[in-house]
Amino acid sequence: MQLPDLPFTQYLKEKKGTGDIIASGDRADVCQVTRYYEEYVKEKALSSNFLNSCLVTSVEKVRMSPQIINEDTGEMEGDAVENIWEVSIKRLESSTDGFPQSFRVRAKNIVLATGTSDIPNVLGVPGEDLKFIRHGVSKVSAALHHINNETRCNPVLVIGAGLSAADAIITARKNNCNIVHVFRETPCGNPAQMLKSLPRAIYPEYVMMYELMCGDVTVDWYKPYPQYAVKAFIDKNRVRLESLQGRSEIIDVSLALVQIGSNADLSFMPSQGTNLGVVPGMKIEVKHNVVDVDPFTSESVIEKGLYAMGPLIGDNFVRFLKGGAMAITQHIQMKNGVINM
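Please read these numbers as outputs of a predicted model, since none were measured by experiment.

Cut-offs and rules
- Residues numbered from 1 in each chain as written.
- Predicted model: local features only at pLDDT ≥ 70, side-chain atom pairs only at ≥ 80, totals over all residues.
- Heavy atoms only, no water.
- Pairing = 2+ DSSP bridges.
- Helix = DSSP H or I, 4+ residues; strand = E, 2+ residues; numbered from the N terminus.
- Axes fitted to C-alpha atoms, helices over the stretch in contact; angles between N-to-C directions.
- Core = buried A, V, L, I, M, F, W, Y, C linked by side-chain atoms within 4.5 Å.
- Buried < 20%, exposed > 50% of the residue type's maximum accessible area, 1.4 Å probe, protein only.
- Contact = heavy atoms within 4.5 Å.
- Patch = residues over 30% accessible without salt bridge, like charges linked within 9 Å, V, L, I, M, F, W, Y side chains within 5 Å.
- Areas by Shrake-Rupley, 256 points an atom, 1.4 Å probe, with all protein chains shown as cover.
- Salt bridge = Lys/Arg side-chain N within 4 Å of Asp/Glu carboxyl O.
- Polar contact = N/O pair within 3.5 Å; in protein donor to acceptor, adjacent residues only side chain to side chain.
- Right-handed = clockwise from strand over helix to strand, strands pointing away.

Asks: Help me get a handle on the sheet that holds strand S5 (residues 102-107), residues and values and all.
Replies: Taken together, three strands build an open sheet; the order of strands is S1-S4-S5 and the sheet is antiparallel. Two strands bound the open sheet, and with one partner strand each, they are strand S1 (54-64) and S5. Neighbour-to-neighbour, the strand axes of the sheet open up by a mean angle of 25°, direction not taken into account. By the bridge criterion, 10 bridges tie S1 to strand S4 (residues 82-91) in an arrangement that is antiparallel. Paired with Cys54 across the two strands is Arg91, which belongs to S4.

What follows is the structure in structure tokens.
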């Protein structure tokens, strides 16, 4: 996660807030890593390379006929045609950086690094639009800081059994919240449970979450509901749960965090990106259909000059991002002749 000339550990010592982190007092969370990268851009004077508050509205290939001037005759020459990418961009906020509100950029190479948190999955149960419910990772921190004072004494409900649910629980605990955790399957013995496969030395907080879910470890601030599902959200911050065996229970909560996965918004791509997956014709999904790329270069198998990284290709941990970015950079430099093949 560390970038050159700004030690991550030093940054954490200076910026890190208070609060306990599950199983480790020196682990960084997603928000801290995000702020570290933002701070790096400012400190290294890289802001001119970034355009914030922009929305990509379309990406398409256009055919260009690059021509050169003959030094002897002064005439234009060259009939070769090449495909390049044209990206249409819309500003979401007014700015004084010289760019208009809408503009286009043309490039030989583009990198999809959107992540997959744009469209959170929903449960599809009654009452899911009530105000005490939040979907997706991006809403967790803000929601925890604005819990209604009247319900603050009640636990935070987290729904889901994956990494995003674990992150939500860790963040909630750092805010001194008690947690009720609902998940449909028993994680013990489930080979598909990602938390189970993580090494303790690198991910101690996730390993502890797995042990809490299995009941191997018990603490007074965490109550698991394995093999339960939410059947309805009710007024006054109440939730009706039902076990797979048919037992029903209504609980009071301060906040409900639905963390059951999400998908990327690739609506700006041709065919919404469905031609880019390992299974062509299906939408891109983290679990079932990632972008099909060369494992050594991260270039799309389908579209040359198009690269993808992060969760779009199945790399779900921050620590994997630098490797993907380096592979892409190296391959582009090789194509441009900057470094030898």
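Asks: How would you summarise the nonpolar core if you had to cite specific residues and measurements?
Replies: Core analysis: the biggest nonpolar cluster contains 31 residues, and Leu144, Val156, Val158, Leu195, Tyr206, Met209 and Tyr222 have the highest contact counts within it. Once residues within four sequence positions are removed from consideration, Val158 is found in contact with Ala165, Ala168, Ile169, Ile179, Val180, His181, Val182, Leu257 and Gln259. Core analysis: the next-biggest nonpolar cluster, separate from the first, contains 19 residues, Ile110, Phe268, Met269 and Leu312 among them.

Asks: Describe in detail the sheet that holds strand S13 (residues 238-243), supporting the description with residues and values.
Replies: Pairing within the open sheet is antiparallel, and its three strands lie in the order S12-S13-S14. Either end of the sheet is taken by a strand with one partner, and the two such strands are strand S12 (228-234) and strand S14 (248-252). Taken over all neighbouring pairs, the strand axes of this sheet differ in orientation by 30° on average, direction set aside. Of the strand pairs in this sheet, S12 and S13 are connected by six bridges, and their pairing is antiparallel. Within S13, the position partnered with Ile234 by the bridge is Arg238.

Asks: Account for a nonpolar patch on the surface, naming residues and giving values.
Replies: On the surface, Val278, Val279 and Met282 cluster together into a nonpolar patch covering about 230 Å² of accessible area. You can see Val278 is positioned in the loop between strand S16 (262-263) and strand S17 (306-308). For Val278, a relative accessible area of 48% gives the class partly exposed.

Asks: Would you mind going over the side chain of His135 in detail, with residue names and values included?
Replies: Among the structural elements, His135 can be located in strand S8 (residues 133-135). Take His135: its relative accessible area is 18%, and that puts it in the buried class. At 2.7 Å, the side chain of His135 forms a polar contact with the side chain of Glu128. For His135, the contacting residues outside a window of four places in its chain are Pro120, Asn121, Val122, Glu128, Val258 and Gln259.

Asks: Would you mind going over the pairing of strand S9 (residues 156-159) in detail, with residue names and values included?
Replies: Every other side chain in a regular strand lies on the same face of the sheet, so the side chains alternate between the two faces. Neither face of S9 is exposed, since Val156 and Val158 on one face and Leu157 and Ile159 on the opposite face are all buried. Here S9 runs beside strand S15 (residues 255-258); their pairing, made up of four bridges, is parallel. Looking across to S15, one finds that Ile159 is bridged to Val258. Pairing geometry for S9 and strand S10 (residues 179-183), over four bridges, is parallel. Considered in S10, the bridge of Leu157 is made with Val180. Remark: the S9/helix H4 (residues 163-174)/S10 crossover connection has right-handed handedness.

Asks: Give a detailed account of the environment of Tyr11, specifying residues and quantitative values.
Replies: Checked against the element boundaries, Tyr11 lands in helix H1 (residues 8-15). Judged by its relative accessible area of 7%, Tyr11 is buried. As a C-alpha pair, Tyr11 and Tyr40 span 29 residues in sequence and 9.9 Å in three-dimensional space. Within the structure, Tyr11 has its side chain in polar contact with the backbone nitrogen of Tyr36 (distance 3.4 Å).

Asks: Quick rundown of the pattern of salt bridges? Include the residues and the values.
Replies: Enumeration according to the criterion identifies six salt bridges in this entry. For Glu211, the salt bridge goes to Arg200, with nearest N and O atoms at 2.4 Å. Linking Glu211 in helix H5 (residues 204-214) with Arg200 in the loop between S10 and H5, this pair joins segments that are 11 residues apart in sequence. Between Glu299 and Lys335 there is a salt bridge, and its shortest N-O distance comes to 3.5 Å. Remark: Lys335 occurs in helix H6 (residues 321-335) and Glu299 occurs in the loop between S16 and S17; sequence separation between them is 36 residues. Since its relative accessible area comes to 8%, Glu299 is described here as buried. Shared partners join several salt bridges into a network, and the residues in it are Glu86, Arg104 and Arg106.

Remember that the coordinates give geometry; whether it matters functionally is a separate question.
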